[in-house]
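# Descriptive structure summary
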Amino acid sequence: MTSETALALPASPREHLSSPVTRSVLRIQHRMLTATREFLSGQGFTELLPPIIGPVTDPGARGAKQVDVDYYGHRYKLMTSAILYKQASLTAFDKIFCIAPNVRLEPLETANTSRHLAEFHQIDVEVANASRESIMSVAEGLVAAVVRGVVDHLPAELELLGRDAGAFADLLAGSFERRTHATAVADLHSLGHDQSPDAEIDWAGEALLSRKSSKPFFVTDYPKGSRGFYDRENEQLPGFLRNFDLIAPEGYGELCSGSERENGYATIVARMRETGENPAKYGWYLRMVRDGIPPSAGFGIGLERFTRYVAGLDSVWQASAYPKVPGVVLP
Ligand code: AMP
Ligand code: MG
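The residue count restarts for each chain, going from 1 along the sequence in the order it is written. Whichever chain is written first is A, and whichever ligand is written first is 1; the rest continue in order. Note on the predicted model: pLDDT of at least 70 is required for a residue's local features to be given, and 80 or more for side-chain atom pairs to be given and counted; whole-chain, interface and lining totals, by contrast, use all residues. To get the side-chain values, take all heavy atoms of the structure and skip hydrogens and water.

### Details of the sheet that holds strand S10 (residues 253–260)
For two strands to count as paired, DSSP must find a minimum of two bridges between them. Working definition: helices are DSSP H or I runs of at least four residues, strands are E runs of at least two. Numbering for both runs from the N terminus. One open sheet accounts for eight strands, arranged S1-S5-S6-S11-S10-S9-S8-S7; its pairing is mixed. The sheet terminates laterally at strand S1 (46–47) and strand S7 (177–180), the two strands that pair on one side only. The sheet contact formed by strand S9 (residues 243–248) and S10 spans six bridges and is antiparallel. Looking at the pairing, Asp245 lines up with Ser257 of S10. The contact definition used throughout considers only heavy atoms, calling two residues in contact when any of these lie within 4.5 Å. Between N-to-C directions, angles cover 0 to 180 degrees, with each direction set by a line fitted to C-alpha atoms, over the stretch in contact for helices. Against the sheet, helix H2 (residues 20–42) engages S1, strand S5 (95–103) and strand S6 (119–128), with an angle of about 150 degrees to S5. Against the sheet, helix H7 (residues 181–190) makes contact with S7 and strand S8 (217–220), and its axis sits at roughly 85 degrees relative to S7, the strand it touches most.

If you want it as structure tokens, here you go:
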């Protein structure tokens, strides 16, 4: 189980990098990346290297600030997520993935949540013509394959970290539970937690649900206002999205967000306006959409959060060789 107190940062990069704990964590992360590439390549995915800068990036990063870059006199952004490029890449291949760096200047109050970094990576997956259900199966299979890879190959590293491999018995035994956002809200109300039905599950609520579970579980059908313009709205259930989160057990919380995507030009422009985004900023992306991109579904798993869960770490910064904790000046 995760603890509530924030772990002190190491005194120097040397102390962090040479500690046996960091070495074990990074070996586990390496194995996780290897297992990810084996699993997805085996299923016919092509790995692409995602851009780090571009004229525009994902606006949907709750409360986080974007970083501007001066690109020959043009204002570019560091990527907060690869979503726009993932959709565009489906004009090259039907099944793509990338290990994508993201920079989000998260609010200062996230420095002690044990799960926020200002720089992190996502295992980003996108599939043309896929349904939410089929992409959730890919996420489930990927998480199981990665955990299996670590449990089978690195028992000594898990032991050194005090992580009992038995913690993954339920995860490896079968499929993950699915519940709707509305059910999760009702579950939280019955636990005495005041969760808004119109918003993403708040951190305290997510931790409560996470602690009650012994394996990851999906939450589906988030309300429209809670997510970016690219999550497809459910035609049968207006106001709700064909999306999902995957929540890790034992208090580790959100691992992954995903959805079926909007790919219609008029809908995307309308959704941008509804979410306060100026479509004029999204020139290259909207031109691609106007000329046609396939319908798709995909997800992004936060690599450092996934590593934190697998390695049983107190804090997400332990899952990075050069952690950037929000607001802390670090190399
Ligand atoms: P989001 O687009 O906000 O749903 O982010 C996708 C995934 O990236 C999340 O499910 C997390 O696993 C991970 N993530 C998001 N923000 C952060 C952060 N500040 N630090 C570390 N991981 C993050
Ligand atoms: Mg999310």
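So much for the structure itself; the text now carries on.
### Points about the nonpolar core
Counting 47 residues, the largest nonpolar core has Ile28, Val125, Phe299, Phe306 and Tyr309 as its most contacted members. Taken together, the elements giving at least two residues each to this core come down to H2, S5, S6, helix H4 (132–153), S9, S10, strand S11 (296–302) and helix H11 (303–311). For this core, the element with the most residues is H4, which contributes 10 residues. Residues in contact with Tyr309, not counting those within four places in the same chain, are Arg163, Phe168, Leu171, Pro216, Ala248, Pro249, Glu250, Tyr252 and Leu255. We define a nonpolar core as any set of buried Ala, Val, Leu, Ile, Met, Phe, Trp, Tyr and Cys residues linked to one another through side-chain atoms lying within 4.5 Å. Only protein chains enter the accessibility calculation, which uses a 1.4 Å probe; a residue whose area is less than 20% of its type maximum is buried, one above 50% is exposed, and one in between is partly exposed. Judged by nonpolar contacts, the second largest core, of 13 residues, contains Val269, Tyr282, Tyr285 and Leu286.

### Considerations on H11
An α-helix turns once per 3.6 residues; consequently, residues spaced three or four apart project the same way. Most of H11 sits inside the fold, with eight of its nine residues counted as buried. By the burial criterion, the buried members of H11 are Leu303, Glu304, Phe306, Thr307, Arg308, Tyr309, Val310 and Ala311. Positive phi appears at Gly312, one or two residues downstream of H11, with a value of about 70 degrees.

### Focus on the packing of aromatic side chains
Centres within 6.5 Å are what make two rings of Phe, Tyr or Trp a pair, Trp counting through its six-membered ring; a difference in plane orientation under 30 degrees is then read as stacked, over 60 as edge-to-face, and the rest as tilted. In total, this model carries 11 aromatic pairs according to the counting rule given. Ring geometry for Phe168 versus Tyr309: centroids 5.6 Å apart, planes at 80 degrees, classification edge-to-face. Placement of the pair is Phe168 in the loop between helix H5 (155–160) and helix H6 (169–173) and Tyr309 in helix H11, with a sequence separation of 141 residues. Like Phe168, the residue Tyr309 is buried in the burial classification.

### Concerning unusual backbone geometry
Positioned with a positive phi, Tyr72 is a non-glycine residue whose angle comes to about 50 degrees. One non-glycine residue with positive phi stands out, namely Asp221, at about 60 degrees. Tracing the backbone shows Asp221 in the loop between S8 and S9.

### Quick look at the pairing of S9
S9 sits mainly inside the fold: six of its six residues count as buried. Burial along S9 is two-sided: Asn243, Asp245 and Ile247 facing one way and Phe244, Leu246 and Ala248 facing the other are all buried. Where S8 meets S9, four bridges bridge the pair, whose relative direction is antiparallel. Opposite Phe217, over in S9, you have Ile247 as the bridge partner. With antiparallel pairing between neighbouring strands as the criterion, S9 and S10 make up a hairpin whose turn holds four residues, including Glu250 at a positive phi of roughly 60 degrees.

### Brief notes about the environment of Arg14
Among the secondary structure elements, Arg14 is positioned in helix H1 (residues 13–18). Measuring from C-alpha to C-alpha, the distance between Arg14 and Thr34 comes to 26 Å, with 20 residues separating the pair along the chain.

### Thoughts on the site of ligand 1
As a structural note, the neighbourhood of ligand 1 is formed by 14 residues, with Arg104, Glu106, Leu117, Glu254 and Leu255 the closest of them. Each polar contact in these results corresponds to two N or O atoms within 3.5 Å; when the atoms are within protein, one needs to be able to donate a hydrogen and the other to accept it, and residues that are neighboring in sequence are counted only if both atoms are side-chain atoms. Here Leu117 contributes a backbone N or O atom positioned 2.9 Å from a nitrogen atom of ligand 1. Here a nitrogen atom of ligand 1 sits 3.5 Å away from a polar atom, N or O, in the side chain of Arg305. Within the complex, the protein chains bury 90% of what would otherwise be the 480 Å² of accessible surface of ligand 1. Those elements that provide at least two residues to the shell around ligand 1 are S6, S10 and S11. With four residues, the single largest contributor to the shell around ligand 1 is S10. Its residues placed into classes, the shell around ligand 1 shows four nonpolar, five polar and five charged. The near set for a molecule or strand comprises every residue that places at least one heavy atom within 4 Å of it. Note on areas: Shrake-Rupley, 1.4 Å probe, and residue coverage restricted to the protein chains presented here. Side-chain classes are defined by residue name, with Ala, Val, Leu, Ile, Met, Phe, Trp, Tyr, Cys and Pro counting as nonpolar, Asp, Glu, Lys and Arg as charged, and the others, Gly among them, as polar.

### A short note on a nonpolar patch on the surface
On the surface, Ile52, Ile53, Tyr71 and Tyr72 cluster together into a nonpolar patch covering about 440 Å² of accessible area. Note that Tyr72 resides in the loop between strand S3 (68–71) and strand S4 (74–78). Patch membership requires more than 30% relative accessible area and the absence of a salt bridge. Residues of like charge join within 9 Å; the nonpolar side chains Val, Leu, Ile, Met, Phe, Trp and Tyr join within 5 Å. Here a salt bridge means any side-chain nitrogen of Lys or Arg lying within 4 Å of a carboxyl oxygen belonging to Asp or Glu.

### A closer look at the sheet that holds strand S2 (residues 53–54)
With antiparallel pairing, the three strands of this open sheet are ordered in space as S2-S4-S3. One side of each edge strand has no neighbouring strand; the edge strands of this open sheet are S2 and S3. One ladder, built from two bridges, connects S2 with S4; its direction is antiparallel. Its bridge partner lying in S4, Ile53 is registered against Leu78.

Treat this as a map of the structure, not an account of what it does.
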